[in-house]
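A structural walkthrough
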Amino acid sequence: MNGLTSSGAGRSVDIELGQETITVELDNLDSDPTDVLDLLKEGQCKVWVWTKLASEYWRKGYLDAAEKIGQAAVESFRDHGATSSLPPVYSLLANVQIARARNAPKIILPHARQDDMSKEKAKADHYRESAQMLNSSERAVAESGQDFDPTLAFLTRGIQQLATRSLDDALRTFEGVLVQKPTNVVALLGKARILYARRQYPQALKLFQQVLQLNPHCLPDPRIGIGLCLWAMNHKEKAKAAWQRSVDLYPDGWAAQLLLGLEAVNTSKDESKEVTERTQALVTGTKLIETAFRANNRGAAAANALCELLLMKGNYGRSLKLAERTIQFADTLSILTEGYIRAGRVCHAEGSYSEAGRHYSAASEGNPNHVLAAIGQAQMQLLNDEWPAAIHTLDTLIQHPNPQKSLEAMVMLASIRSHQRPGVSGSDMAKEKARARELFDRVAKELHLYEDRPALNGNSANALPRSLRDIKDDMDMHAEVARLWQEDNLDRTARALREALRISESTGQVDPRLLNNLGALQHLDGHPEEARLAYERALTSAAGLASDVGEGMSTSILFNLARAYEDEGDEQLAKDAYDKLLTRHPEYVDAKIRQAHMLMDMNRQNEAHDLLKQALSSQNNNMNLRAYYTYFLVNSTSSKVTKEFIFATLKDHDKHDLYSLCAAGWIQYNQARESREQGSKAIEERRQGFRRSAEFYEKALQLDPTCAFAAQGLAIVTAEDALGSLAGGVPPGSSSDEAQRRFKNARDALDIFAKVRESINDGSVYVNIGHCHYVRDEFDRAIESYESASKRFYNGQDVTVLMCLCRSWYAKAIKDQSFQAMNTALRYAQQALHLRPMDKVTLYNIAMIQQKAAEMMFALDTTKRSLQELQRAIEHAGHAQKLFASLASDPSPVVPYSKDIADQRKKYGDSMLRRADEQLAQQRQHEAETQARLTAARQKRQEERERQERLEREEMERLRKQAEELAEERRKAREQALEWSRQVKDLSDEEDIDRPRKPRKTSKKQKGDTSGDETANDGKRKRRGRVKREKDTDGVEAVAEEEEEALFSEDEGEKTTKKRGTKKRVVRDDDEDDPDGAHGPARKKQM
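Keep in mind the model is a prediction, meaning the values are calculated, not measured. (Residues numbered from 1 in each chain as written. Predicted model: local features only at pLDDT ≥ 70, side-chain atom pairs only at ≥ 80, totals over all residues. Heavy atoms only, no water.)

Moving on, we come to the UniProt feature "repeat: TPR" (unreviewed entry) in the protein. According to UniProt, the positions carrying the feature "repeat: TPR" (unreviewed entry) are residues 185–218 and 555–588. Helix and strand shares over residues 185–218 are 79% and 0% respectively, and the end C-alpha atoms of the span are 8 Å apart. When the span residues 555–588 is considered, its composition is 82% helix and 0% strand, and the gap between its end C-alpha atoms is 9 Å. (UniProt positions renumbered as here; feature names shortened; annotations may be inferred. Helix = DSSP H or I, 4+ residues; strand = E, 2+ residues; numbered from the N terminus.)

On to unusual backbone geometry. Going from Leu219 to Pro220, the amide bond is cis rather than trans, its omega being 0°. You can see Pro220 is positioned in the loop between helix H9 (201–214) and helix H10 (222–232). Despite not being glycine, Asn234 shows a phi value in the positive range, around 70°. Mapped onto the elements, Asn234 comes out in the loop between H10 and helix H11 (236–249). Judged by relative accessible area, which is 56%, Asn234 ranks as exposed. Even without being glycine, Asp777 reaches a positive phi, approximately 60°. By the element assignment, Asp777 lies in the loop between helix H38 (763–775) and helix H39 (779–792). (Buried < 20%, exposed > 50% of the residue type's maximum accessible area, 1.4 Å probe, protein only.)

As a working rule, side chains carrying opposite charge can pair if their charged atoms are close by. Using the criterion set out here, one finds 59 salt bridges in the structure. Here Asp27 ties to Arg11 by a salt bridge, and the two come within 3.3 Å at their closest N and O atoms. With Asp27 in the loop between strand S3 (20–25) and helix H1 (34–43) and Arg11 in strand S2 (residues 10–17), this residue pair connects regions lying 16 residues apart in the sequence. Residue classification places Arg11 among the partly exposed residues on the basis of a relative accessible area of 28%. With a shortest N-O distance of 3.7 Å, Glu787 and Lys791 are connected by a salt bridge. Taken together, the residues span about one helical turn, with Glu787 and Lys791 both in helix H39 at a distance of 4 residues. What makes Glu787 buried here is its relative accessible area of 17%. (Salt bridge = Lys/Arg side-chain N within 4 Å of Asp/Glu carboxyl O.)

Where a protein is soluble and globular, its nonpolar side chains tend to be buried together. In this structure, Leu394 and Ile471 are the most contacted members of the largest nonpolar core, which totals 61 residues. Setting aside residues up to four positions removed in sequence, Leu394 forms contacts with Ala374, Ile375, Ala378, Ala409, Met412, Leu413 and Ile416. Ala789, Cys804, Leu860 and Ala877 belong to the second largest nonpolar core, which has 50 residues in total. (Core = buried A, V, L, I, M, F, W, Y, C linked by side-chain atoms within 4.5 Å. Contact = heavy atoms within 4.5 Å.)

In total, this model carries 15 aromatic pairs according to the counting rule given. Ring geometry for Tyr629 and Phe632: centres 6.2 Å apart, planes at 15°, overall stacked. With Tyr629 and Phe632 both in helix H32 (residues 623–636), this residue pair falls 3 residues apart, about one helical turn. According to the relative accessible area criterion, Tyr629 is buried, its value standing at 9%. Relative to Phe793, the ring of Tyr766 lies with its centre 5.6 Å away and its plane at 35°, an arrangement referred to as tilted. Residue Tyr766 is found in helix H38, and its partner Phe793 is found in the loop between H39 and helix H40 (799–816); the two are separated by 27 residues along the sequence. Members of the aromatic cluster, joined through ring pairs, are Phe559, Tyr578 and Tyr588. Of note, Arg437 hangs over the ring of Trp485, and the distance from its end group to the ring centre comes to 4.8 Å. In this structure, Arg807 packs its charged tip against the face of Tyr774, placed 3.9 Å from the ring centre. (Phe/Tyr/Trp six-rings, centres within 6.5 Å; stacked < 30°, edge-to-face > 60°. Lys NZ or Arg CZ within 6 Å of the ring centre and 35° of its normal.)

The following block contains the structure:
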């Protein structure tokens, strides 16, 4: 017989061996169960003894011994053919496997560097074996046919389902147990865990609390679950109290210590607390997490938290081991992802980029929406020059269908898109920059960057999380934003640079490059004074840097400062700055070029030429220098020398130099256009020159399709039909065909100029657009383009543009027959003459406009002109005669006009002016007749107006008199009505005096107090008839008669009174006769 005994000395199990009884002390079990197994087998103990001893071994931590006892029990009972007793043993072995699974790795990394688990058994294998044991238990029960209590099997099955995340099956299992045993603690705990996993926190809290009530010493401690539910329900202080109570009761419990440690670490990140308090929280949290990990070094959550703390300290060796431990033992996707990310971070910091990439990729595959995983993976892809893959990774993170709001990812993606990459065309790069701007704009909107509200960039910035503040204070990001907008929006560029400068100033060391760039923006915006101040400050800041860094910055800043002096007009300071720069760097070609330009502006061409030659002798291959020298030759020497230098540049230095190609196209075009020679050979040479010009422009466009200058040159060739009629290559045909061709060429050129205008902010583009519109007889548009060029780029000081405006207004005046337009054309010509007083072409044009204006006025009908305009035109025509006479008699041998035509114009003007008096007489007669008609019409309108006013006055007088009569009648009627009212009042007063008063009625009356006659008399009421408004002298008598007629029976009197009560002006007496003749209270009279 086997039995369990318990005494004050301890607990024990008695095992009978024949006549001998062996007692096994349960509190003193040896770790080796061999002797116990021999006793159990020899004594053929019952199944509960086996399971009891196995459970005791398990409770003491001897899990292997417990498993050996269970396996030996299975063998023993099988040998004796008692398999029907094995279900409890199978349940025990299943629980053993589940317990082993808790400490087994879920994933075994094949190439783990620090935490090698290749010899361990995976968690899935243990779960599979536990399922097999449970299935064996069910088969044994079915084969035995005995009635076993299924609770143990159901609980084991539920625990196994819960461990394998089969939550629905586990819930059904636990609920089945609770139906039979509502207070089963294991089932309640299992159901509570499932409800918590489903985020049904209030329901889970109730179950955990119920477990605590049923068994205050239950393990695992329900206080941990209570704290988790309270934390999820935002009762954090209560949650901490529950966990702290668990630690107090079970100091070795790792779960509560881990939770308290995590809470303390999170508290250390709260910036609203004091530094000392945050430091103490971090120290406390670290100690708690380390204690939890030591208590359960195979817990993924503790390993993950401790890994992060070691990463912060830079302990990469232990961090990697803990990260690998987290990966291999993680039970949830979130912890698994965190483990991969931290392993990737360690490898990234150590330079193992391929391994880090594998970890980041594994994290992204498990959780595609995890921000850190995507950013880490994109970083590794960038290090491997996989730019498209990095863009795709970040795009997938922030785009639909599952967009993640991560400003860090947006900034990183925008930075990648804005970076020039190999294999990306210009058009694609433009789209990429547009997307980058959009992303930066979204970030700026979220962080309220670049706004003019100080509150957003001031104190409220501290309310942002630290990660967002790091983005907001990222100087490189602002510099990148500025670089993105520098070609399209200088205002936004300036705002971004100012923000970067603010951040740089907050560090105490201002970056000179920011000041230099801000100064350059002010310089380009036309504010050289502000630019100079920025340059000077940048120069001072650069002087404080190391020589190897500051010298290079100082050189470019000093050059910009000299340019600012130059634009301010302080030539001496500019010259001193350039000299100082050349003293430091004698071969600084840009400084020499600016000095030469200053000399050229002062008309010191020879000195400028010598300086440029000196620079060319030292740096003959400098293409910028050769380009400026080409510009100098164009403006100072003959076209032959310029052409030779340009072709030498293309031949000996760089045949693909865009500036030289465009310059060659320009000079070829001008030489061919200005050629005045006739003959077939000359025509062929001119045609060849135009063709070569077009070829140079086309070659420049092939090398750079965005070269706007080449496109503009080719558009000019097209607009002027330089390869057709202008070159003499097209025989003169009908004027209509030529006009159509010019219209078409101008239209094609307009399309090109419109695109060029988007790239070149220069007045020449607008002038060329105006030329095209002029050719197409679109004079209004031509004027608009010329006006834009003159006002925006030349400040109204360019003679060529002014004469183009003059020509357009002249053509518009001729087309519209508008004297006003002709005056506008004359005004522009006079402005050009003011700028060039000795320009004879302008004088000729002024004379022509003045004469044409008079001719146009003479041709107009008298109704379409005024005498003042005609007199002014005749006056201008007289002035034109003087100009034509002066131009015709000019003694100069070469003049830019024909003297014969000028003389003919003078003679034509003389003949035209002979008709001036006749025209004036006609105009005066017309205007006199018109004035007479106007005067007569005005007089007629005046007379009609006076007649209407007279009729209106008469009508007003009639209405006034009528109103006075009506007012008089109303006054008399009111007086008569008042008189009648006084008479009626007097009569009423007299009747009240003569009539005896009724006594006040008592509250209760006795029968027989009064006679029937008195009662009848009391019931009668005297009623007064109404007073009619009539113009009758006997008004009082009429009232008396009506009073007598009012003495009817009671019913009739009531009806009459009711009927009359709805009419106006009725006098009613509501007083009743007092039967006793007493004077009662007077009642009110109503009128």
